[in-house]
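# Structural features, examined
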Amino acid sequence: MAASSNEPAFIEDPNNIPAEAVPDNFVSYTLKLQEALPPVTWKNWYRELHWLHVFILFVPPTLGTIGTWYTPLRLKTGIWFVVYSLLTGFGLTAGYHRLWAHRTYKATRALEYTLAILGAGVVEGSIAWWARGHRAHHRYTDTDLDPYDARKGLFYSHIGWMIFKPRRNPGPADVSDLRSNPVVKWQHRYYLLLAFIMAIVVPTTVAGYGWGDWQGGFVWSGLLRLVFVQHSTFCVNSLCHWLGDKPYDNKLTPKDCVLTAVITMGEGYHNFHHQFPMDYRNGYKRYQYDPTKWFLWSCEKLGFATHLKRFSDNEVEKAELTVQLKYLHQKQEALAWPTEKSDLPVLTWEDYQRQAESRTLICIAGYIHDVSDFIDKHPGGPYLLKKNIGKDATAAFFGGLYDHGNAAHNLLAMQRVGILLGGAPHGLEEKFVPASQHLRVSRYNEYST
Ligand SMILES: [Zn+2]
Ligand SMILES: [Zn+2]
């Protein structure tokens, strides 16, 4: 199978991998075979503009902003702005994204047509084009095959990637299911007409026939609503890779953030989404703000949607725990810990007593501690320490005189300088090991030797 320069080979048959392929790194293999356009510079930028995208991105906000000077916002038109933003927004989030790009549920034909028509009102391309790019985004996140690669900056991942002709084709992604979907094919065929009707004609005529505000319908619910919903969804590619936390995997840029969830109708739990893209929810937790999840749940109850996919709680929680353990491990490694048993010199009882004549040594739980730096800081006063120099103060430390807390035990362990021959009695480790070391986060290979 020879690869043409523009269309990279898609390794579908594992028994027939091209000789030059590096099978364990498909991205670098594809990048090597694919020709890229030269970078956009100050000299060539005007030749590299993608004029259709430039028109869609800049004409509506310009006309809309000028229109606001001449068009006061009436209450009914304002309400219609919000309602129509939500409706067309759902076309994108529940339709384009969660139904067609990710197949997170099955929709009845009626719901499919409704979402395909509403989604056209956001003018972000046909489902076929949009979902193909989005699948590449998921498959090649944070690489040069990702069409809106977040590593190239906030502006690039927001709209920059559309302003200029793409330097590369997006990475290959399987969209055979979409090619055979009659609603997707129908929407693609009549896309320009549908987009014009849904973006401009419908919002204008509803306001015009409804309450006589033709101009307000055109400016506010048509043009400015279009700009508002477009930028809300563009934020999924930009802000959602820039702002927030990474609770399920911290390897790549997608992040979870309640603020971006509010802006994007629930798509802001993007770290979860990149880990579990087949889940119909982006806000996995019950309380997380995800109106698209609630919309789909309602569609299920009304019989318009079925087979809503939910990833197993066990695996979601495991992913979350993995990241938490990773952070705990980092925190643990940044702290100083007591000297290991094996690194301490072994002293007989007589050695210990002899050395204690010239040093402030105290034996507790089989360890010899040098408390010279601590003696003046001891909350119980220096006297109690002084009177135990050269003695075994185990019983005194563990309740005989005072039952010390976790912090005191941790601190004591930091002052170990030796271990007593014979050590502490077995079976009492739970008591003698400092609280901070009862549990520890270890890497899988730490105990392999
Ligand atoms: Zn997605
Ligand atoms: Zn993303």
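The shown structure was predicted, so the numbers you read here are calculated from the model rather than taken from an experiment.

## Re the overall build of the protein
Broken down by element type, the protein carries 19 helices and six strands. Here the C-alpha radius of gyration of the protein, 32 Å, is well above what a compact globule of 449 residues would show, namely 22 Å. C-alpha atoms of the protein, sized along the principal axes, occupy 100 × 65 × 50 Å. The 449 residues of the protein split such that 36% are buried. Taking all contacts inside the protein whose residues are at least 6 apart in sequence as the whole, residues at least 24 apart take part in 68%.

## Some details on helix α2 (residues 51–70)
Given a rise of 1.5 Å per residue, 20 residues ought to cover 28 Å, and the 28 Å separating the end C-alpha atoms of α2 matches this to within 8%. For α2, the principal kink sits at F58 and spans about 25°; a proline, P60, occurs within the next four residues.

## Looking at the UniProt feature "domain: Cytochrome b5 heme-binding" (unreviewed entry) in the protein
UniProt marks residues 353–421 with the feature "domain: Cytochrome b5 heme-binding" (unreviewed entry), using the numbering shown here. From the first C-alpha to the last, residues 353–421 spans 13 Å; its make-up is 29% helix and 19% strand.

## Points about the packing of helix α4 (residues 109–120) against helix α9 (residues 191–211)
Two numbers describe how α4 lies on α9: the axes approach to 7 Å, and their chain directions differ by 75°. As far as their axial angle goes, α9 and α4 are roughly perpendicular. Residues I117, L118 and A120 of α4 pack against Y191, L194, A195 and M198 of α9. Considering only residue class, the contact of α4 with α9 consists of seven nonpolar, no polar and no charged.

## Considerations on the sheet that holds strand β5 (residues 367–370)
Backbone hydrogen bonds hold the strands of a sheet together, and the pairing may be parallel or antiparallel. Read across the open sheet, the four strands follow the order β3-β6-β5-β4; overall the sheet is mixed. Of all strands in the sheet, those with a lone pairing partner are β3 (346–347) and β4 (361–364), marking the two edges.

## With respect to the pairing of strand β6 (residues 416–420)
By the bridge criterion, two bridges tie β3 to β6 in an arrangement that is parallel. Bridge pairing in β6 links V346 to I419. Two strands pair when backbone bridges link them, and β5 and β6 are joined in this way by three bridges, in the antiparallel orientation. Note that in β6 the partner of H369 across the bridge is R416.

Quick notes on the rules
Residues numbered from 1 in each chain as written. Chains lettered and ligands numbered in written order. Predicted model: local features only at pLDDT ≥ 70, side-chain atom pairs only at ≥ 80, totals over all residues. Helix = DSSP H or I, 4+ residues; strand = E, 2+ residues; numbered from the N terminus. Rg over C-alpha atoms; globule rule 2.2 N^0.38 Å. Buried ≥ 20, exposed ≤ 12 C-beta atoms within 10 Å, placed from the backbone. Contact = placed C-beta atoms within 7 Å. Expected span 1.5 Å × (residues − 1). Bend = angle between axes of the 7 residues up to and from the residue. UniProt positions renumbered as here; feature names shortened; annotations may be inferred. Axes fitted to C-alpha atoms, helices over the stretch in contact; angles between N-to-C directions. Parallel < 35°, antiparallel > 145°, perpendicular 65-115°, else oblique. Nonpolar A, V, L, I, M, F, W, Y, C, P; charged D, E, K, R; others polar. Pairing = 2+ DSSP bridges.

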